[in-house]
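The chain contents come next:
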Amino acid sequence: MDMELIKIEGGICAPRGFTASGIHCGIRKNKEKRDLALIYSDSLCSAAAVYTQNKVKGAPILVTRKNIADGLAQAVICNSGNANTCNADGEEKAQMMCDIIAKELSITPENVIVASTGVIGQVLPIEPIQSHAHELAQTLSKEGSADAAEAILTTDTCRKEIAVSFELGGKECRIAGMAKGSGMIHPNMATMLCFLTTDVSIDPDMLKKALSLCVTDTFNMVSVDGDTSTNDMVSIMASGQAGNAMIDGEGLFFDTFIEALLEVCRHLAKVVAADGEGASKALICTVQGAPTKDTARKIAKSVITSSLFKAAMFGSDANWGRVLCAIGYTDANFNIDKTRVTLSSCAGSILVCENAAGVEFSEEEAKVILSQKEITILIELFDGEEEATAYGCDLTYDYVKINGDYRT
């Protein structure tokens, strides 16, 4: 589709109608780190969300699912430092977060999306949120995106945010997003927390359909460590203030919206993968020539999740046998006999496997290619027309260090 997508400033607040804020309220001991974020729309929005497939779900997910069952929302509140998961009073605390901020914003609690991230199994103290809710609401601004994006981070090393502009039916429209995610990330929806905003006018049912379609090939294709979190969520609010004709069915406008949303989600998914805990390199695995789309997705995720392969990439070791091994144990039907594997980066590319067998290559050249910050693994099956891409990172000593004493 021929669509011009322009990156713009403003982060989560770039779409019309949205403001945001982020403060330190005291959930985290480190006073230098913000730990409470708010996103607010000055009008009621169409809303949708997708959630983790972990059977153990954080209390905020249960409350959010109930709140946006009608496809409507007006605010997002999220704390870091405590996941509010596996607690007897979890749902009560999550509901209290909605009640507290709704009162400050003069909206109904049922129109609040609530999220938490951090340590699992520790009781969430509600007092810091209660005592700082007024400050959180009063500091809402169009310039608040960076503060909000910072307030949702845990072991992340950087903020993850993006905003884009595109044309829809002659109207300039915007989509923005911010995300957090560094560890406990594995493809199973949603792999982390991500909050999206847009000023496109779109029916809640179509918004939910668009989000689900985009998540399948972006956030669900990310893996850092093979652990599916309990609190994963991707949510989106659409203010409808762009002035475009309401998208209430499939067609050109819906397809254009999906293309723009897909690019936003893909960008955030890649940033999340690259910022994996302890990671020194981003890994991008593309599978081409697969018999089905699902097979391509499964193979790409299998390779990107392999601990042995991830460790080899950390060591800049072109151990292509680990790629073939991960392809081989993928739960799908395909012919592996013609498989070709090429490793590449900004330093060049090198063929390491042809017809599922090794080929001669320069280990020195491979070392240079694999020593870069972003490595691409291209797998060609020659067994169909479908393709898919997965995003991950290498496995380093620092991952163990970070998670060895994460709770204490």
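For the structure given in this document, a descriptive report is provided here. Note that the structure is predicted; figures quoted are calculated from it, not measured. (Residues numbered from 1 in each chain as written. Predicted model: local features only at pLDDT ≥ 70, side-chain atom pairs only at ≥ 80, totals over all residues. Heavy atoms only, no water.)

Turning our attention to helix 5 (residues 204-216). Here helix 5 is 13 residues long and its end C-alpha atoms lie 19 Å apart, about the 18 Å a rise of 1.5 Å per residue gives. For helix 5, the complete set of buried residues consists of Met206, Leu207, Ala210, Leu211, Cys214 and Val215. Down the axis of helix 5, the buried set is contained in an arc of 165°. They therefore lie on one face. On its buried face, helix 5 sits against strand 3 (36-51), strand 8 (193-198), strand 9 (233-238) and helix 6 (252-274). (Helix = DSSP H or I, 4+ residues; strand = E, 2+ residues; numbered from the N terminus. Expected span 1.5 Å × (residues − 1). Buried < 20%, exposed > 50% of the residue type's maximum accessible area, 1.4 Å probe, protein only. Arc of directions from axis to C-beta. Contact = heavy atoms within 4.5 Å.)

So, about the packing of aromatic side chains. Counted according to the given criterion, the structure contains one aromatic pair. Between phenylalanine 314 and tyrosine 397, the aromatic rings sit 5.1 Å apart at their centres with planes inclined by 85°, giving edge-to-face as the arrangement. Highlighted residues: phenylalanine 314 in helix 8 (residues 307-314) and tyrosine 397 in helix 11 (residues 397-404), separated in sequence by 83 residues. Owing to a relative accessible area of 62%, tyrosine 397 belongs among the exposed residues under this scheme. (Phe/Tyr/Trp six-rings, centres within 6.5 Å; stacked < 30°, edge-to-face > 60°.)

Before going further, it helps to examine unusual backbone geometry. The phi dihedral of serine 106 is positive, around 60°, even though this residue is not glycine. Topologically, serine 106 is positioned in the loop between helix 2 (90-105) and strand 5 (112-119). For serine 106, a relative accessible area of 68% translates into the label exposed. The backbone phi angle of phenylalanine 382 is positive, close to 55°, even though this residue is not glycine. Within the secondary structure, phenylalanine 382 sits in the loop between strand 14 (374-380) and strand 15 (386-393).

Examined against the element boundaries, isoleucine 162 turns out to sit in strand 6 (residues 160-168). In this structure isoleucine 162 comes out as buried when scored by relative accessible area, which is 7%. When the C-alpha atoms of isoleucine 162 and glutamate 364 are compared, they prove to be 38 Å apart, with 202 residues separating the residues in sequence. With residues up to four places along the chain from it excluded, the contact list for isoleucine 162 reads Lys7, Gly11, Ile175, Ala176, Gly177, Val264, His267 and Leu268.

With that settled, consider the pattern of salt bridges. Evaluation of the coordinates by the stated rule reveals 15 salt bridges. Close ionic contact of glutamate 150 with arginine 34 constitutes a salt bridge, the shortest N to O distance being 3.6 Å. In this pair, glutamate 150 is assigned in helix 4 (residues 145-151) and arginine 34 in the loop between strand 2 (18-23) and strand 3, connecting sequence segments 116 residues apart. Overall, glutamate 150 belongs to the partly exposed group, its relative accessible area being 26%. According to the relative accessible area criterion, arginine 34 is partly exposed, its value standing at 26%. Of the charged contacts, one joins arginine 340 and glutamate 380 as a salt bridge, the two residues approaching to 3.3 Å between their closest N and O atoms. Pair noted here: arginine 340 is in strand 11 (residues 340-345) and glutamate 380 is in strand 14, with a separation of 40 residues, a long-range link. In this structure, a network of salt bridges that share partners links the residues Arg16, Glu172, Arg174 and Asp199. (Salt bridge = Lys/Arg side-chain N within 4 Å of Asp/Glu carboxyl O.)

For aspartate 394, the location among the structural elements is in the loop between strand 15 and helix 11. Summary of buried charges: aspartate 394 has no salt-bridge partner, and the nearest side chain of opposite charge, lysine 281, is 5.2 Å away. Within the local environment of aspartate 394, its side chain forms a polar contact with the side chain of serine 280, the two groups lying 2.4 Å apart. Among the polar contacts made by the side chain of aspartate 394, one reaches the main-chain amide nitrogen of lysine 281 at a distance of 3.1 Å. (Lys, Arg positive; Asp, Glu negative; His and termini not counted. Polar contact = N/O pair within 3.5 Å; in protein donor to acceptor, adjacent residues only side chain to side chain.)

We now examine the nonpolar core. Judged by nonpolar contacts, the single largest core of 73 residues is most densely connected at Leu196, Phe257 and Ile379. For this core, the leading source of residues is helix 6, giving 11 residues. Apart from residues lying up to four places away in sequence, isoleucine 379 is in contact with Cys285, Thr286, Val287, Gln288, Ile299, Val303, Val323, Ile327, Thr339, Arg340 and Val341. (Core = buried A, V, L, I, M, F, W, Y, C linked by side-chain atoms within 4.5 Å.)

Turning to the pairing of strand 7 (residues 171-180), a few remarks are in order. The buried fraction of strand 7 is high, at seven of 10 residues. In terms of strand pairing, strand 6 meets strand 7 through nine bridges, oriented antiparallel. Looking at strand 7, one finds that serine 165 is bridged to arginine 174. In this antiparallel pair of consecutive strands, strand 6 and strand 7, the connection spans two residues, and glycine 169 shows a positive phi of 60°. (Pairing = 2+ DSSP bridges.)

Buried within helix 1 (residues 59-67) we find Ala59, Pro60, Ile61, Val63, Thr64 and Asn67. On its buried side, helix 1 packs onto strand 3, strand 4 (72-82), helix 2, strand 5 and strand 9.

For the rest of this paragraph, the subject is the sheet that holds strand 14. Taken in spatial order, the six strands of this open sheet run 13-12-11-14-10-15, and their pairing is mixed. Strands with a single pairing partner mark the edges of an open sheet, and in this sheet they are strand 13 (357-358) and strand 15. Here helix 7 (residues 293-305) sits on the sheet and contacts strand 10 (282-290), strand 14 and strand 15; the angle it forms with strand 15, its principal contact strand, is near 20°. Helix 9 (residues 320-328) rests against strand 11, strand 12 (348-354), strand 13 and strand 14 of the sheet, and its axis sits at about 60° to strand 12. (Axes fitted to C-alpha atoms, helices over the stretch in contact; angles between N-to-C directions.)

On the secondary structure map, cysteine 393 appears in strand 15. Look at cysteine 393 and you get buried, because its relative accessible area is 1%. Linking cysteine 393 and phenylalanine 219, residues 174 residues apart in sequence, is a C-alpha distance of 14 Å.

Relative to each other, helix 2 and helix 3 (residues 127-138) sit at 35°, their axes nearing to 9 Å. The crossing of helix 2 and helix 3 is right-handed. Contacts from Met97, Ile100, Ile101, Glu104 and Leu105 in helix 2 reach Ile129, Gln130, Ala133, His134, Leu136 and Ala137 in helix 3. A breakdown of the residues in the contact of helix 2 with helix 3 according to their chemical character gives eight nonpolar, two polar and one charged. (Left-handed = near helix turned anticlockwise from the far one by under 90°. Nonpolar A, V, L, I, M, F, W, Y, C, P; charged D, E, K, R; others polar.)

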